[in-house]
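# Architecture at a glance
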Amino acid sequence: MIIVGGSSSRDLAKEMATILDCTYIQAASTRFPDGECYTRIDTESLDDDVVIVQNTYPNDNLIEMFLLQDAVRRMGARSVTLVIPYFGYARQDRVFKPGEPESAKVMCRHLDMGCDRVITIDIHKEAVLDHFTCPHVDLKAAPVIAEYFSSKGIDLVLSPDIGAAGRAKDVGERMGVPYDHLEKTRLSGVDVRIAPAKMDCQGKRVLIVDDMISTGGTIIAAAQALRDAGAVSVSVACTHGVFVNNAIERLTGSSLDTVLCCNTLENQVSHISVAGIIAEAVRKG
Ligand code: R5P
């Protein structure tokens, strides 16, 4: 097996190759003067099962993924597995208003042309993957998040909304602590309102879990609501730290004690590794 690391996920791909004890090749990635993507896998042949690790966000990374799919086939890959740690466009998983595209489906249909298997992690809506015609699996980061926080004295695990309630349950059960979800109302792209928690937070060390943080609006409002309810510490762990604009600064400057995410998107707080979980899935085949 050969693991090819795209430019979005080099450290993760390298870590997977170490765990799987297989060859790692880093794809070269540059831009032409006009901004178009150029990529190259500098090796003689890829006559093996090949795993490409690359995000499909932001747009340049999606293009790089398409180019890598073509390159590995041309180099003789026997099979191509796509590991897409963060799957872009998954949130537009249906037509919300007439005239809109079904963006997630469009992405699946195009990626589907060059692969034999797809692995994602905590994709926003799992049903999106059914648009692939090849075998696919969505892995969960809950085990590594629970493991990371199990020695941190957490009393309560909460999700910021009902959509992530299953994640809070999974993490809470693994840590052996109570869990619940908050009630969120989205006011705008950035602002949300969080209703007071139903569970008693007085004196508690709370961990908020979510699939992703984008602007940080959700988590900042949730942390403030929990502080107002008497929580002594509020930490957050998400799978995908998208962190648009100055979200990390806003989060670290808020009432949160700890801000962490997994390394599906590599940044300064992506200290929880999903390499082992993905490596295990790749090994199983
Ligand atoms: C929503 O369904 C998601 O799970 C996240 O809660 C949301 O995308 C976070 O966005 P933001 O950080 O912009 O509030």
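Predicted model only: the values in this text are computed from it and were never measured.

### Things to note about the site of the ligand
In the vicinity of the ligand, 13 residues are found, and the nearest of them are D210, D211, S214, T215 and T218. At 3.5 Å from an oxygen atom of the ligand is found a side-chain nitrogen or oxygen belonging to R91. Taking R186, its side chain carries an N or O atom lying 3.2 Å from an oxygen atom of the ligand. Starting from 380 Å² of accessible surface for the ligand in isolation, the protein chains cover 88%. In this structure the site holding the ligand corresponds to the largest pocket. For the shell around the ligand, the secondary structure elements donating two or more residues are β11 (184-186), β13 (205-213) and α6 (217-228). Element by element, the count of residues in the shell around the ligand is highest for β13, at four residues. Residue classes in the shell around the ligand are distributed as two nonpolar, six polar and five charged.

### Some points on the domain arrangement of the protein chain
One can read the domain layout of the protein chain as domain 1 (2-140 + 274-284) and domain 2 (142-261). Each of domain 1 and domain 2 has a C-alpha centre, and these two points are 29 Å apart. Across the contact, 10 residues belong to domain 1 and 11 residues belong to domain 2. Counting across the domain 1 and domain 2 interface gives one salt bridge. Between R167 and D122 there is a salt bridge, with the nearest N and O atoms lying 3.7 Å from each other. Here domain 1 and domain 2 share four residue pairs in polar contact (both at pLDDT 80 or more) between them.

### Some remarks on the pairing of strand β3 (residues 28-31)
Here β3 pairs with strand β4 (residues 37-40) via four bridges, running antiparallel. Across the sheet, the residue bridging to A28 is R40, located in β4.

### A few points about the sheet that holds strand β1 (residues 2-5)
Ordered by their spatial adjacency, six strands build an open sheet running β2-β1-β5-β6-β7-β8, and the pairing between neighbours is parallel. Unpaired on one side and paired on the other, β2 (23-26) and β8 (136-139) mark the two borders of the sheet. In this sheet, adjacent strand axes meet at a mean angle of 20 degrees when their direction is disregarded. With respect to the sheet, helix α2 (residues 59-74) is in contact with β1, β5 (49-53) and β6 (79-84), its orientation differing from that of β6 by roughly 160 degrees. Relative to the sheet, helix α8 (residues 275-284) contacts β5, β6, β7 (117-121) and β8, its axis offset from that of β7 by approximately 160 degrees.

### Comments concerning the packing of aromatic side chains
Applying the stated criterion to the full structure yields four aromatic pairs. With centroids separated by 6.4 Å and ring planes inclined at 85 degrees, the aromatic side chains of F87 and F132 adopt a geometry described as edge-to-face. One end of the pair, F87, is in the loop between β6 and α3 (103-112); the other, F132, is in the loop between β7 and β8, and 45 residues separate them in sequence. Sitting over the ring of Y148, K152 keeps its end group 4.7 Å from the ring centre.

Reading the values: rules and limits
Residues numbered from 1 in each chain as written. Predicted model: local features only at pLDDT ≥ 70, side-chain atom pairs only at ≥ 80, totals over all residues. Heavy atoms only, no water. Near = heavy atom within 4 Å. Polar contact = N/O pair within 3.5 Å; in protein donor to acceptor, adjacent residues only side chain to side chain. Areas by Shrake-Rupley, 256 points an atom, 1.4 Å probe, with all protein chains shown as cover. 1 Å grid on protein atoms, 1.4 Å probe; cavity = no way out; pocket = protein on both sides within 12 Å on 5 of 7 lines; lining within 4 Å. Sits in = over half its atoms within 2 Å of the grid points. Helix = DSSP H or I, 4+ residues; strand = E, 2+ residues; numbered from the N terminus. Nonpolar A, V, L, I, M, F, W, Y, C, P; charged D, E, K, R; others polar. Domains from an automatic or database assignment. Contact = heavy atoms within 4.5 Å. Salt bridge = Lys/Arg side-chain N within 4 Å of Asp/Glu carboxyl O. Pairing = 2+ DSSP bridges. Axes fitted to C-alpha atoms, helices over the stretch in contact; angles between N-to-C directions. Phe/Tyr/Trp six-rings, centres within 6.5 Å; stacked < 30°, edge-to-face > 60°. Lys NZ or Arg CZ within 6 Å of the ring centre and 35° of its normal.

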